[in-house]
Amino acid sequence: MTSITEAVGQQSPIESALRAGLRAIDRNQTVTFTQYNRTVLPTDGYIFWVATTNTVTVNGSVHYGTDVEQNEDETIAINQIIFTAETQIQQFNNVNPNTIWIGTFDGLQFAFSQQGDFYQQADLWHYVGNAVYPALSSQLVSSAAALSSLEPIITNSLPLWLSLNAYGTVYPSFLVPENIAPPYIVAHIGEEDTEALAPLPIWGWSTTPATTSGIQAATNTALADQSGNIIAASNGTYQASSQLMQDKVRLTLYGFKNTQAMSYRDYLFQNSINTDNFGLCGAQAAIKDAKRTQREIAVIAQKKIIDLTISYYQSTINNIAQRLILAASCSFTVGA
């Protein structure tokens, strides 16, 4: 039987009526979408999206609703966007975790997290997503030049774990790339997992700054960068703070057999002994088998967890981050 979409030059009654209604509502409205490429900082795995010159303009109708939420650290208007298009947006079908398309309408920037239910007889496409939250808008940048400083963003010990990658790539929690296959490792340090062991930071002087970003040429007085933790004196030395800290770290291993997991744990211990970059606190580091299932294939994944409590100096972690900067540049992935 010939389907509706195969009937040349014909439209179903519902499709014809809905298209006429859409055109009456949108009044030839168009929305321009800009392609952004994924950028990963080598120091701590932070993700930014960098705008490209690749754009697409689509005819359709935008509808959005606003829900205001009052949280401890922000009052935010969450705008849900529904975009109804007359044709399928082919650029959105190119599944690529390293690119996204950001639309702009009425002062809002938005991306789509889902495509709504498609009814073939209607022949309309509905795309749904939220406008970019204000607190996350800093992760969208207009050009790669905005990331040229390569300063670490993370304050805890995460750069240490990213550098210990002899047994597999280590990713920060919640920033694991889409659909990667094992083996890999995920390092998680929660907001409640970092505490100070020393009551106050220690200030010292060095001829090498922890980072040169934001430091102006010294004249007759000491200068600080925007974060206030690095001071350049007129004699060319730098002042920086460091504090003895403690982190609770959860390492999640995927695709590791028992002997591989034990070897990885021993590798971490040996690094602590050889470098003194961090110390181990208390009896711990048991390798635990976690249960990750998928009922469609009735198996469990090779997932293991190692929990550690470590002590470290902030200056040591910053030096590790600087070595990561020298060893690698930002990872820019250009989509098709």
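Everything below is about the structure printed above this text.
Basis of the calculations
Residues numbered from 1 in each chain as written. Predicted model: local features only at pLDDT ≥ 70, side-chain atom pairs only at ≥ 80, totals over all residues. Heavy atoms only, no water. Core = buried A, V, L, I, M, F, W, Y, C linked by side-chain atoms within 4.5 Å. Buried < 20%, exposed > 50% of the residue type's maximum accessible area, 1.4 Å probe, protein only. Helix = DSSP H or I, 4+ residues; strand = E, 2+ residues; numbered from the N terminus. Contact = heavy atoms within 4.5 Å. Expected span 1.5 Å × (residues − 1). Arc of directions from axis to C-beta. Phe/Tyr/Trp six-rings, centres within 6.5 Å; stacked < 30°, edge-to-face > 60°. Salt bridge = Lys/Arg side-chain N within 4 Å of Asp/Glu carboxyl O.

Undergrad: What is the right way to look at the nonpolar core in this model?
TA: The tendency in soluble globular proteins is for nonpolar side chains to be buried as a group. Of all hydrophobic cores here, the largest spans 25 residues; its most connected members are Leu160, Trp161, Leu251, Leu253, Tyr264, Leu308 and Ile310. Listed by contribution, the elements that provide at least two residues to this core are α3 (158-163), β10 (184-188), β16 (244-254), α4 (258-275), β21 (303-313) and α5 (314-327). Setting aside its immediate chain neighbours within four residues, Trp161 contacts Val170, Ala187, Ile189, Val249, Leu251, Leu268, Phe278, Leu308 and Ile310. One finds Phe83, Leu108, Phe110 and Trp125 within the second-largest nonpolar core, a separate group that totals 14 residues.

Undergrad: What am I meant to see in α4 here?
TA: Because the α-helix completes a turn every 3.6 residues, residues three or four places apart line up on one side. For α4, with 18 residues, the first-to-last C-alpha span of 26 Å sits near the 26 Å given by 1.5 Å per residue. Of all the positions in α4, only Ala261, Tyr264, Arg265, Leu268, Asn271 and Ser272 are classed as buried. Burial along α4 is one-sided: seen end-on, the buried residues are contained in an arc of 115°. Facing away from the buried side of α4, by more than 90 degrees, are the exposed residues Thr259, Ile273 and Asn274. Asp276 lies just past α4 and shows a positive phi near 60°.

Undergrad: I'm lost on the packing of aromatic side chains in this one. Help?
TA: Each aromatic ring pair is characterised by the separation of its centres together with the angle its planes make. The final tally for this structure, using the stated rule, is nine aromatic pairs. Pairing Phe33 with Phe83 gives two aromatic rings, centres 5.8 Å apart and planes at 65°, and the pair type is edge-to-face. Highlighted residues: Phe33 in strand β1 (residues 30-40) and Phe83 in strand β3 (residues 75-85), separated in sequence by 50 residues. The class for Phe33 is buried, based on a relative accessible area of 0%. Centroid distance Phe256 to Tyr264: 6.1 Å. Interplanar angle 55°. Geometry classified as tilted.

Undergrad: I keep staring at the pattern of salt bridges and nothing clicks. Help me out?
TA: By the definition in use, this model includes three salt bridges. As a salt-bridge pair, Lys288 and Asp307 come within 2.5 Å of each other at their nearest N and O atoms. Of this pair, Lys288 sits in strand β18 (residues 287-290) while Asp307 is found in strand β21, placing the two residues 19 residues apart along the sequence. Lys288 gets classed as partly exposed once you look at its relative accessible area, which sits at 37%. For Asp307, a relative accessible area of 23% translates into the label partly exposed. Salt-bridge contacts for Lys304 lead to Asp289; the nearest nitrogen and oxygen are separated by 2.4 Å. With a gap of 15 residues between them, Lys304 in strand β21 and Asp289 in strand β18 connect regions that are remote in the sequence. According to the relative accessible area criterion, Lys304 is buried, its value standing at 10%. Assessed through its relative accessible area of 55%, Asp289 is described here as exposed.

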